[in-house]
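Results of the structural survey
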Amino acid sequence: MQPAVNDFRNSELALALVQKIKQRTHAKAHLMEFCGSHTAAILKYGLRQLLPRDVEMLSGPGCPVCVTDQQDIDRAIALAQTPGIIMCTFGDMLKVPGTYASLQQARAEGCDVRTVYSTLDALEIARQNTDKPVVFLGVGFETTAPTIAASIALAKSQQLRNYSVFSLAKLCPPVMKALLDGGEIKIDGIICPGHVSAIIGSHPYEFIVRDYGIACVVAGFEPVDILMAVDMLLAQMENGRPQVEIAYGRSVSPEGNKRAQELLSEVFEPQAARWRGVGTVGGSGYKICDAYKAFDAERLFEIKTGPAKEPAGCRCGDVLRGIINPPECPLFGRICLPERPTGPCMVSGEGACASYYLFGETISAVE
């Protein structure tokens, strides 16, 4: 997509930032936007075309739907197929293909799978169906996890014993470390996720600067936010002084949201979690702690699945690690389409493949 600068909220400032960026860059800069919402905004507004050629933007694994492991998708579908259960899920999860089916197919075959917009919707369904177990499929990062924790705490306080959560929620900093330890791609700077950072703050990224010498800037999602983050990253690289900075001060503080953090600590404890394309990462999952075990679907129900298999030819894992751009996958736009996705990166609005397909891109820098 060609940039439509006049559509920006502040096109004058955006163009000034672009000029500043062009003056800063001398060597190749490899920057990763971790968050899928950043990827969508970059493509929607044509920001790659505004940036000079020596600034390379890589997409990361910041889409919770996309990184949910194939085995966990299969387990969620198996749970939904358990007789009597009402499965509640956010809409993005419906079309994610499992090894043999999807939640959408399970619903078409008679399973009671319901789309909700919040955990409060799921709690209301539990109140209206006290004779049936209601399971919320808890997929998300630190942004969504507090709302999941709140629903569990509320269910306990209201003695809503038919409500439980199948927790597949994840923490971002551990997988960021896993990506850097993998060493598959060169990263000079990271645009850290804005929504996640509103909860956890910017302090959790300090290890990236300390241990890897990589610049970090937390950014918002307007074009000016992202361009400002790019400029700040390049300035750090130019000065040889990597640090963690915030370009999203209206929503993010270094300390984050203390109340949300307390709620997460009350209801969850970290555990190892599987990430699509990355593997098992220690301390990167939210496990429901013993004090709330009565609301842990994984402990309440026996979940049996066969061996998980990735879709043949799908390179979602490589996209999530920044190894390739979506059009380099042989299935992209041919076999894998939004209405008929082969892999999860084409399903979610935060998925890199869906963003590339929806907004397109003509690779031509503004000189």
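In this report, we go over the structure that sits alongside the text. Bear in mind that the values here come from a model prediction, so they are computed numbers and not experimental data.

Reading the values: the criteria
- Every residue gets a number counted from 1 within its own chain, in the order that chain's sequence is written.
- In keeping with the predicted nature of the model, local features appear solely for residues at pLDDT of at least 70, side-chain atom pairs appear and are counted solely at 80 or more, and the whole-chain, interface and lining totals rest on all residues.
- For side-chain calculations, the full set of non-hydrogen atoms in the structure is used, while hydrogens and water are omitted.
- Note on conventions: DSSP H or I runs of at least 4 residues are helices, E runs of at least 2 residues are strands, and numbering of each starts at the N terminus.
- For the radius of gyration, the atoms used are the C-alpha atoms, and the globule rule reads 2.2 Å times the number of residues raised to 0.38.
- Relative accessible area decides the class of each residue, using a 1.4 Å probe on protein chains only: under 20% of the type maximum gives buried, over 50% gives exposed, and in between gives partly exposed.
- By the convention used here, residues are in contact when the closest approach between their heavy atoms is within 4.5 Å.
- Here the accessible surface of atoms and residues is derived via Shrake-Rupley with a 1.4 Å probe, and residues count as covered only by protein chains that are part of the display.
- When charges are counted, Lys and Arg are positive and Asp and Glu negative, with His and the chain ends excluded.
- The atoms used to mark charge sites are NZ of Lys, CZ of Arg, CG of Asp and CD of Glu.
- Within 6.5 Å between ring centres, the rings of Phe, Tyr and Trp (the latter by its six-membered ring) count as paired, and their orientation is classed by plane angle as stacked under 30 degrees, edge-to-face over 60, tilted in between.
- Two strands pair under a simple rule: DSSP has to find at least two bridges between them.
- Axes here mean lines fitted to C-alpha atoms, for a helix over just the part in contact, with angles spanning 0 to 180 degrees between N-to-C directions.
- A helix is expected to span 1.5 Å for every residue after the first.
- To qualify as a nonpolar core, a set must consist of buried Ala, Val, Leu, Ile, Met, Phe, Trp, Tyr and Cys residues joined through side-chain atoms within 4.5 Å.
- Oblique is the label for every angle not falling under 35 degrees (roughly parallel), over 145 degrees (roughly antiparallel), or within 65 to 115 degrees (roughly perpendicular).
- Note on convention: the crossing is left-handed when the near helix lies turned anticlockwise from the far helix by less than a right angle, right-handed when the turn is clockwise.

The secondary structure content of the protein amounts to 16 helices and 11 strands. A compact globule built from 367 residues should have a C-alpha radius of gyration of about 21 Å, and the protein, at 21 Å, falls within 12% of that. The dimensions of the protein, computed from C-alpha atoms along their principal axes, are 65 × 45 × 40 Å. Expressed as a percentage of its 367 residues, the buried residues of the protein come to 56%. Long-range pairs, those at least 24 residues apart, make up 77% of the contacts in the protein with a sequence separation of at least 6. Surface accessibility of the protein: about 15,300 Å² in total, with carbon and sulfur atoms responsible for 50%. Taking the average location of the 35 positive side-chain charges in the protein and that of its 40 negative ones, the two points are 3 Å from each other.

This part covers the packing of aromatic side chains. This model, assessed by the stated rule, comprises six aromatic pairs. Between the aromatic rings of Phe221 and Tyr248, the centroid separation amounts to 6.0 Å while the plane-to-plane angle is 90 degrees, which identifies the pairing as edge-to-face. With Phe221 in the loop between β8 (215-219) and α12 (223-239) and Tyr248 in the loop between β9 (244-247) and α13 (258-267), this residue pair connects regions lying 27 residues apart in the sequence. This pair shows no difference in class: Phe221 is buried, exactly as Tyr248 is. Where Phe268 meets Tyr286, the ring centres are 5.1 Å apart and the plane angle is 45 degrees; that geometry is what we call tilted. Remark: Tyr286 occurs in strand β11 (residues 279-288) and Phe268 occurs in strand β10 (residues 268-275); sequence separation between them is 18 residues.

Across the sheet, which stays open at both edges, the five strands sit in the order β2-β1-β7-β8-β9 with parallel pairing between neighbours. In this open sheet, the two strands that pair with only one neighbour each are β2 (55-62) and β9. Across the sheet, the mean angle from the axis of one strand to that of its neighbour is 25 degrees, orientation sign disregarded. As judged from the four bridges shared by β8 and β9, these two strands associate in the parallel manner. Within β9, the position partnered with Val218 by the bridge is Ile246. Sheet contacts for helix α2 (residues 36-44): β1 (29-35), β2, β7 (189-192) and β8; angle to β1, the most-contacted strand, approximately 120 degrees. Sheet contacts for α12: β1, β2, β7, β8 and β9; angle to β8, the most-contacted strand, approximately 165 degrees.

A separate point is α12. Here α12 is 17 residues long and its end C-alpha atoms lie 24 Å apart, about the 24 Å a rise of 1.5 Å per residue gives. The first or second residue beyond α12 is Gly240, which carries a positive phi of 70 degrees.

Take the nonpolar core next. As a rule of thumb, nonpolar side chains are buried together in soluble globular proteins. Ranked by size, the top nonpolar core spans 100 residues in total, and within it Leu137, Ile152, Tyr163, Ile208 and Phe268 carry the most contacts. For this core, the element with the most residues is helix α8 (residues 145-157), which contributes six residues. Aside from chain neighbours lying at most four places away, what touches Phe268 is Ala145, Ile148, Ala149, Ile152, Ser167, Tyr286, Lys287, Ile288 and Cys289. Within the second largest apolar cluster, 27 residues are counted, among which are Leu47, Ile226, Met232 and Leu233.

Between α2 and helix α16 (residues 352-359), the least distance of the axes is 9 Å, while the angle of their chain directions is 15 degrees. One finds that α2 runs roughly parallel with respect to α16. In the packing of α2 onto α16, the handedness of the crossing is right-handed. Contact with α2, carried on its side by Thr39, Ala40, Leu43 and Lys44, involves Ala352, Ser355, Tyr356 and Phe359 of α16 and no other residues of that element.

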